Every structure is written in C-alpha cells, then in structure tokens.
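Okay, here's what each chain looks like letter by letter:
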There are 2 protein chains.
Amino acid sequence: MEQPGEIKKVSMAVIKRLPKYYQHLGNLLRDNVERVSSQELSKILGFTASQIRQDLNNFGEFGQQGYGYNVSQLYTEISKILGLNTSHKMVIIGAGNLGQALAKYTGFGIYGFDIIAIFDTNPNLVGREIRDIPIYPVEDMEYFINENDVDIAVLTIPKDKTKKIVKAISKTCIRGIWNFTPVEIKINENIIVENVHLIDSLFTLSYHINEGMLQERLLKQKRKIFPSP
Amino acid sequence: MEQPGEIKKVSMAVIKRLPKYYQHLGNLLRDNVERVSSQELSKILGFTASQIRQDLNNFGEFGQQGYGYNVSQLYTEISKILGLNTSHKMVIIGAGNLGQALAKYTGFGIYGFDIIAIFDTNPNLVGREIRDIPIYPVEDMEYFINENDVDIAVLTIPKDKTKKIVKAISKTCIRGIWNFTPVEIKINENIIVENVHLIDSLFTLSYHINEGMLQERLLKQKRKIFPSP
DNA sequence: ATATTTATGTTAAAAGAATAACAAGCGTGG
DNA sequence: CCACGCTTGTTATTCTTTTAACATAAATAT
C-alpha cells in the first residue's frame, strides 16, 4: 500500500534508460522538433511506447493527452532528473594511459562535467598539464577536493593502489566515484560508485562471439542424455 | 514444454554475472583453494547461493552434492563458456586519445585478447607504433582484417565517422565490435556489438548523486496533491 | 460547436528473474 | 561400514519488470 507522499524506488532498469531518453530528445531539439509521442520515441529508441510512458511517470506527468510530449520541456525535465542542470567538478586520480585519455577528451565538459585537476604519484608527471588541467601530487588530493567542492573522483589507478585511495577519498566531500579499476569498491553509502569494468565488457563480448559454438557443445552433451531414437 | 536437446536462452542478467564468477574463481585458484560451495561464493560475490547455482546450471552440472564445486574445474568451464580458452585477435580503429590508451594497456593480453593493429586516417600517426603495434591507414583495414582473421574491432573513432567504418567492417570476417563511440550501431546479426557508452555511465552516476535532492523535489510536488492535514 | 482522432496516465496481465524450499546424493567421521 | 551432515540440481514461490489494455482528456478537422 503506497502512502501519499511516499516515493517508490525507481528501478535500475529505468535509470539506465534515462540517458538514452536524454540524448535522443537532445537530437530532436537540435532538429527543431517541437513535440513527440511515446510511439515516435519508441521507433527511435527501440523500447515499447508503453515502457516509455511508464518510465517517465516515475518522475512526473510530463505529457498531455492528444498531444504527446513537448520536446524542449521533457528534455529539461530529464536533465533535472539526471542532475545535468547543474555543473559537476571532477578530478582524475591516476594520470596513466586511461587517465590522460579521459583528461584530453573534451566531451564531458559539454554536459557540465569539468575536470579541474589530475592527481598522480609519478614525479615526472606532477607539475605538468593536460589541456590546461594541472597534475598535482596525490598527497594534495584530500585537501584539494574539500577546498574546491569536487563532486566526482575518476579512478584510473592500478588495482593495488585502489584500496588506499578509496580510503582517503571517503573522508572528503566527494559525492561519487567513477571507477575504472577492476576493484569492487566498498564504501559508505553516501558516496555513489559507478563502475566501468572494461574487462567484464570484453568478456561479455567474447561470450556472445563464442555463443554459437557453445550451443553446439551443449546440444551434443544433451543428446548423450536423451539419445535420439 | 522443453524438448530434449533444446537450448533455453540464457538471460542477459546471467551473462553479465559470468565475468564476476570467472574473476573470483581465478582469485581462489591463485590462493590454491581447491573447492568452493555456492554459499562461500555467495559471500564473496554478493549474489545469493541459490542464484549462483541457478546461473551455473544454465551451462551444465559442474558441482557435486556434499562437496561443492572444484575451483579449478569450474574456472576452466567458465573460461570455455566465455570463450577465453582460445585467444582473440583485435584491431583498434581510431588512434585518438582513447584508442592509444587502450593500445598501451597490457591487461587485455593477459586474457588472450591480442591487439595486432591500429588504424587511423591521420598521416602523422600512420607508420608509427604503439607498444610494437603498428598504425596503418584506414584504407587497409578491410584487407588486413580478412587476411589476419581478426575477431574483434575496437571502435574509438569520432561519432560522425562511425557509420562509414561500420559499413566497411560489416563486409569483413569480424565477429564482434567493441564500441566506444556513442553511436547505436545497427549491423547484421552475425556481428556482435558490445557498447561502452561512457557518457551514459557518467549520467547514471550523476543521477544517483542527484537522487537525494530529486526525491525532496518530488515529495514537495506530491504534498501539493495530497496536502497533509 | 461537435465529432473524431490522438495519445496520455494508469491499471491489469503476462513474462521474466530472484529467492526459497527440498529431495537426492556424496563425503566425512566415528 | 554406516549414519549424519553438507551441498547440489531442481522445482515452487515470490518479486520485479515488461507489455497490453483502457478510460480520459486534449487537439484537430468538419
């Protein structure tokens, strides 16, 4: 029984679809499309119209019967839901290959995610800059984060250093960790962890490539148990 | 009614858990642990023991009553399921920041994923090498892939070039695409696409960081509809 | 102004996934 | 060598997510 004023938890499946809504509404907006129906969105996104309406109704009533959704308004609403109406300060921890690549990439800034510092232990890197972003010694990390109200820490460090860094971070005002290390991070629940486990992703791809052969193998196995007449 | 010899489709949720099983079994193996029960795995992995048994039984009967699972055997079985018992040839398409970072990273090779070439249009990059991996002109891509029986193409190109590259790739013997571009790739069903949509991941993180504030806003909204007495 | 079409929000049904329960079989200790 | 405890594979149940259905309201056409 749902109490008035009670918030029902939004499922992870819904949350994972929100970025898609946001991005495609952005495309429509750029194409000066004024209105869109759940059915039209359905065709572009590949979700059912019903699902789209259900998803959106987790957050409010944004549409109008007989009209559909106002693209601009819905775009704004979803940007608020995703927290993209305010900008975010990020720091990259670990100036290795991946850390540097993420620092060089300008695509996050477009959405208000500003990388304001990089931290590393390597004295050859400390003092240098990447795209005007300074590389500081990791000792200064905690002070810097608190002083500059940093929201997000991007972890691109070797796995054996992760535990120590996470412990240090957990004492700061950081709100979220974007974790590129293969380590499963356990931390207090006020800090959100979003994992990018590349090797898992690659394994999943490998599974699907292998799937055909696998099924043949399983079939043979089952035929032994149920011999054909 | 399930026919003998018929394969029931394995759900995506199960597949996404397989890499976790694989990695933690690898850890146990390195620690010379001989046997493990679903309950013990449950504690490490955070899935229920029941779920682990269900998951594994999608692929065969690997355990033994009263004993559990033989770590080494189960590890091998899962590596076969994931297709990690054979090595894979990869090429990186796009030698930008991310492409170069992935090329420099040696962690994929450990699992038999060998990057054997990089392709780019930039004449300043073509001819150079990254970790002994040569950078070739993108014109040679199709020929090279077919000639060298490349399995996986890693896409790290700007989004506006994606469609053209995908079209070219689709005519080759490539089996899977590891897609780091934000583009939704439509291709014939023989080629598997695994997406790493970084911006989606970042948005999801932002959502969770924003969640607290969001709920307050929704509460206020609902209070208007259901005014408290 | 009115009827018809369109498309929402919401409720109901179906499908799918996670958890729990349990019978059957193996290992271990006496 | 036997009995007890452990742990699986599997079936049953519960919970979640997706899809379908529909009553209602706005927009459009006549």
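Residues numbered from 1 in each chain as written. Chains lettered and ligands numbered in written order. Predicted model: local features only at pLDDT ≥ 70, side-chain atom pairs only at ≥ 80, totals over all residues. Heavy atoms only, no water.

## Here's the deal with the protein's contact with DNA strand C
Okay, so step 1: Taken together, 27 residues are adjacent to DNA strand C, and A:Ser38, A:Gln54, A:Tyr69, B:Ser50 and B:Gln54 come closest.
Okay, so step 2: When the atoms of DNA strand C within 4 Å of the protein are grouped by moiety, sugar and phosphate amount to 61% of the total.
Okay, so step 3: A:Ser38 places a polar side-chain atom, nitrogen or oxygen, 2.6 Å from a phosphate oxygen of DNA strand C.
Okay, so step 4: Take B:Gly66: an N or O atom from its main chain is 3.4 Å from a base nitrogen of DNA strand C.
Okay, so step 5: Secondary structure elements with two or more residues in the surface near DNA strand C: α3 (49-56), β2 (63-64) and β3 (68-70) of chain A together with α1 (12-30) and α3 (49-56) of chain B.
Okay, so step 6: The greatest single-element share of the surface near DNA strand C, amounting to four residues, is contributed by α3(B).
Okay, so step 7: Its residues assigned to classes, the surface near DNA strand C comprises four nonpolar, 17 polar and six charged. (Near = heavy atom within 4 Å. Polar contact = N/O pair within 3.5 Å; in protein donor to acceptor, adjacent residues only side chain to side chain. Helix = DSSP H or I, 4+ residues; strand = E, 2+ residues; numbered from the N terminus. Nonpolar A, V, L, I, M, F, W, Y, C, P; charged D, E, K, R; others polar.)

## Thoughts on the packing of helix α5 (residues 97-104) of chain A against helix α5 (residues 97-104) of chain B
Okay, so step 1: Taken N-terminus to C-terminus, the directions of α5(A) and α5(B) make an angle of 180°; their axes are 9 Å apart at the nearest point. Taken together, the axes of α5(A) and α5(B) are roughly antiparallel relative to one another. Of the residues in α5(B), those touching α5(A) at A:Asn97, A:Leu98, A:Ala101 and A:Lys104 are B:Asn97, B:Leu98, B:Ala101 and B:Lys104.
Okay, so step 2: Classifying every residue of the contact of α5(A) with α5(B) gives four nonpolar, two polar and two charged. (Axes fitted to C-alpha atoms, helices over the stretch in contact; angles between N-to-C directions. Parallel < 35°, antiparallel > 145°, perpendicular 65-115°, else oblique. Contact = heavy atoms within 4.5 Å.)

## Looking at unusual backbone geometry
Okay, so step 1: Backbone geometry places A:Asn32, a non-glycine residue, at a positive phi of 60°.
Okay, so step 2: Note that A:Asn32 resides in the loop between α1 (12-30) and β1 (35-36).
Okay, so step 3: Look at B:Asp149: it is not a glycine, yet its phi comes out positive at around 50°.
Okay, so step 4: Relative to the helices and strands, B:Asp149 resides in the loop between α6 (141-148) and β8 (152-155).
Okay, so step 5: On the basis of relative accessible area, B:Asp149 is assigned to the exposed category, the value being 52%. (Buried < 20%, exposed > 50% of the residue type's maximum accessible area, 1.4 Å probe, protein only.)

## Considering the sheet that holds β3(A)
Residue and element names in this part refer to chain A.
Okay, so step 1: Spatial strand order, β1-β3-β2: three strands in an open sheet with antiparallel pairing. In the strand order of this sheet, the two ends are held by β1 and β2, each with one partner.
Okay, so step 2: Inspection of the sheet shows β2 paired to β3 by two bridges, in the antiparallel sense. Bridge assignment links glutamine 64 to a residue of β3, and that residue is glycine 68. (Pairing = 2+ DSSP bridges.)

## Looking at the relation of the copies chain A and chain B
Okay, so step 1: When chain A is fitted to chain B, the residual RMSD is 0.0 Å, and the transformation amounts to a turn of 180° plus an axial shift of 0.0 Å. Such a turn and shift between the copies fits a two-fold axis. Closest to the rotation axis within chain A is the C-alpha of A:Ala101, separated from it by 3.1 Å.
Okay, so step 2: Interface residue correspondence from chain A to chain B reaches 100%, placing this contact among same-surface, isologous pairings. (Least-squares fit on C-alpha atoms with pLDDT ≥ 70 in both.)

## So, the sheet that holds strand β4 (residues 88-93) of chain B
All names here are of chain B.
Okay, so step 1: Spatially, seven strands are ordered β6-β7-β5-β4-β8-β9-β10 in an open sheet, and the strand pairing comes out mixed. Pairing within the sheet leaves two strands with one partner each, and these edge strands are β6 (129-130) and β10 (192-195).
Okay, so step 2: Most of the contacts of helix α7 (residues 162-169) go to β8, to which it runs at about 175°, and overall it touches β4, β8 and β9 (176-179).

In short, geometric facts, not functional conclusions.
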